[in-house]
Amino acid sequence: MINPNKFANQKIQELGQNLFQGEEFAQQIANKQLDQPVPPPGPYGDINPIMNKESREARRQERKNIRMANKALRSSRRERAKDIKAAGGPEEYSVDGYHKGEYNKRGVKIDNPQKRYSKKNPPDGSDASFGISGYVNDKKQFKSALNQGTYTYKKGDLIDETDHEETTYKSSNEGKVTGKRYNVENVSDIQVDKKGQYMTTLGDDEYYGMDKRPTSSRVSSYDQGRNALRDTLRPSKGRKFKSTWKKK
């Protein structure tokens, strides 16, 4: 007679063996995972900062601060370059009134030029608002602070040469042009119509302060050539011309 308990005991033994092998396999996997190096926390406190929304925002803000700091740095150099030009050149310009010749004509310090900001050379709070009173937190605040006290040209003004060369205009002839396209002596004083402020190009025989303002549509000049279509220049943004360095 066959003992039914024999088969039951055999099944229990097989089940126990399978369970033991499964636990052993799970333990091997766990040991293998522990053997692998754990990545260190990211710069913003997360093991995988790319997958963390706050970390992505922090990196985005870091890049924005770098861009704003570099823009402020360029603005400061332009303003210093203007001061150097007004002083009669680098040999005559001094920040403290004693040391001269420290900067070149572009406003860059000769012995220790300021490097552009980057991830390896990030700005701190004061650098992000270089030359501006107070710290800025975003691009809107930066632009607002940067434009505080900026001179806005008025009707009848002659645009400054530095502003002219560093400005991009809307051109009636070419769409967009930089100020370097025309000699500053070959543009008129600032005029106003319903579209806003504008200037027109002048011919070699025309000049500011003529008894009668030129009205012909054609002009002959070194910049444009003979009998060329007179160009009208307007601000690329807004309705008024603004200085890149001059204050109110």
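**Q** Quick question: what am I supposed to make of the pattern of salt bridges here?
**A** Counted under the stated rule, the structure contains 8 salt bridges. Measuring nitrogen to oxygen at the nearest pair gives 3.2 Å for the salt bridge that ties Arg78 to Glu166. Placement of Arg78 in helix 2 (residues 53–87) and of Glu166 in the loop between helix 5 (161–165) and strand 2 (168–171) is noted, with a sequence separation of 88 residues between them. When its relative accessible area of 27% is taken as the criterion, Arg78 is described as partly exposed. Notably, a salt bridge pairs Asp160 with Lys82, separated by 2.8 Å at the nearest N-O pair. In this pair, Asp160 sits in the loop between strand 1 (150–152) and helix 5 while Lys82 sits in helix 2, placing the two residues 78 residues apart along the sequence. Classification of Asp160 as buried rests on a relative accessible area of 15%. In this structure Lys82 comes out as buried when scored by relative accessible area, which is 14%.

**Q** I tried to follow unusual backbone geometry on my own but got confused; where do I start?
**A** Leaving glycine out, the prevailing phi sign among residues is negative, and the prevailing peptide bond configuration is trans. With a phi close to 55°, Asn227 is a non-glycine residue in the positive phi region. With respect to the secondary-structure elements, Asn227 resides in strand 7 (residues 225–229). Note on Asn227: relative accessible area 49%, which makes it partly exposed.

**Q** What is the right way to look at the environment of Gly196 in this model?
**A** Tracing the chain through its elements places Gly196 in strand 5 (residues 196–200). Setting aside chain neighbours within four positions, we find Gly196 in contact with Gln191, Arg234 and Arg239.

**Q** What exactly am I supposed to notice about the confidence of the model for the chain here?
**A** Mean pLDDT for the chain: 75, with 66% of residues reaching 70 or above. In this model residues 126–134 is a low-confidence stretch, pLDDT under 50, and it forms 15 contacts with partners more than four residues away in sequence or in other chains.

**Q** Explain the environment of Glu166 here, please?
**A** Judged by its relative accessible area of 39%, Glu166 falls in the partly exposed class. When the C-alpha atoms of Glu166 and Gly179 are compared, they prove to be 6.3 Å apart, with 13 residues separating the residues in sequence. At a separation of 3.2 Å, a polar atom in the side chain of Glu166 contacts the side chain of Arg78.

**Q** I tried to follow the side chain of Asn186 on my own but got confused; where do I start?
**A** With respect to the helices and strands, Asn186 occurs in the loop between strand 3 (175–178) and strand 4 (191–193). Ignoring anything within four residues of it in the chain, the contact list for Asn186 reads Thr200, Thr201, Leu202, Gly203, Asp204, Ser221 and Asp223.

**Q** How do you make sense of the sheet that holds strand 8 (residues 232–235) when you look at a structure like this?
**A** Overall, antiparallel pairing links the 5 strands, which are arranged 3-2-8-5-4 in an open sheet. The open sheet terminates on both sides in strands that have one partner only, identified here as strand 3 and strand 4. Put simply, the sheet's adjacent strands are angled 45° from each other on average, direction ignored. As judged from the 4 bridges shared by strand 2 and strand 3, these two strands associate in the antiparallel manner. Along strand 3, the bridge assignment pairs Tyr169 with Val177.

**Q** Would you take a moment to explain the pairing of strand 2 for this structure?
**A** Within a regular beta strand, the side chains point alternately toward one face of the sheet and then the other, so they alternate between its two faces. In strand 2, alternate side chains face the same way, and those of Tyr169 and Ser171 are buried while those of Thr168 and Lys170 on the opposite face are not. Connecting strand 2 to the antiparallel partner strand 3 that follows it, the hairpin turn spans 3 residues. Here strand 2 pairs with strand 8 via 3 bridges, running antiparallel. The residue bridging Lys170 from the neighbouring strand is Arg234, located in strand 8.

**Q** What should I look at first to understand the packing of aromatic side chains in this one?
**A** Two numbers describe a pair of aromatic rings. These are the distance of the centres and the angle of the planes. The tally for this structure, following the rule as stated, stands at 3 aromatic pairs. Seen from their ring centres, Tyr93 and Tyr103 are 6.1 Å apart, and the 75° between their planes marks the pair as edge-to-face. In this pair, Tyr93 is assigned in the loop between helix 2 and helix 3 (125–128) and Tyr103 in the loop between helix 2 and helix 3, connecting sequence segments 10 residues apart. The two residues Tyr93 and Tyr103 agree in class, both being buried. With a centroid separation of 5.8 Å and 75° between ring planes, the pair formed by Tyr169 and Phe241 is classed as edge-to-face. Of this pair, Tyr169 sits in strand 2 while Phe241 sits in the loop between strand 8 and strand 9 (242–247), and the two are 72 residues apart along the sequence. Taken as a pair, Tyr169 and Phe241 share a single burial class, namely buried.

About the thresholds
The residue count restarts for each chain, going from 1 along the sequence in the order it is written. Only residues with pLDDT of at least 70 get local features here, since the model is predicted, and only at 80 or more are side-chain atom pairs given and counted; chain-wide, interface and lining totals rely on the full set of residues. Hydrogens and water molecules were not included; the side-chain quantities draw on all heavy atoms of the structure. What counts as a salt bridge is simple: a side-chain nitrogen of Lys or Arg found within 4 Å of a carboxyl oxygen of Asp or Glu. Going along the chain from the N terminus, every DSSP run of H or I of four or more residues is numbered as a helix, and every run of E of two or more is numbered as a strand. Only protein chains enter the accessibility calculation, which uses a 1.4 Å probe. A residue is then buried if its area is under 20% of the maximum for its type, exposed if over 50%, and partly exposed in between. Should any heavy atoms of two residues lie within 4.5 Å, those residues are considered in contact. A score from 0 to 100, pLDDT tells how confident the predictor is in each residue. Within 3.5 Å is the distance limit for a polar contact, defined as a pair of N or O atoms, with the added protein rule that one can donate a hydrogen and the other accept it, and that residues adjacent in sequence qualify only through two side-chain atoms. Whether two strands pair comes down to DSSP finding at least two bridges between them. All axes here are fitted lines through C-alpha atoms, helices being fitted over the stretch that makes contact, and every angle between N-to-C directions spans 0 to 180 degrees. Between 30 and 60 degrees the pair is tilted, below 30 it is stacked and above 60 it is edge-to-face, where a pair is any two Phe, Tyr or Trp rings, Trp via its six-membered ring, whose centres lie within 6.5 Å.

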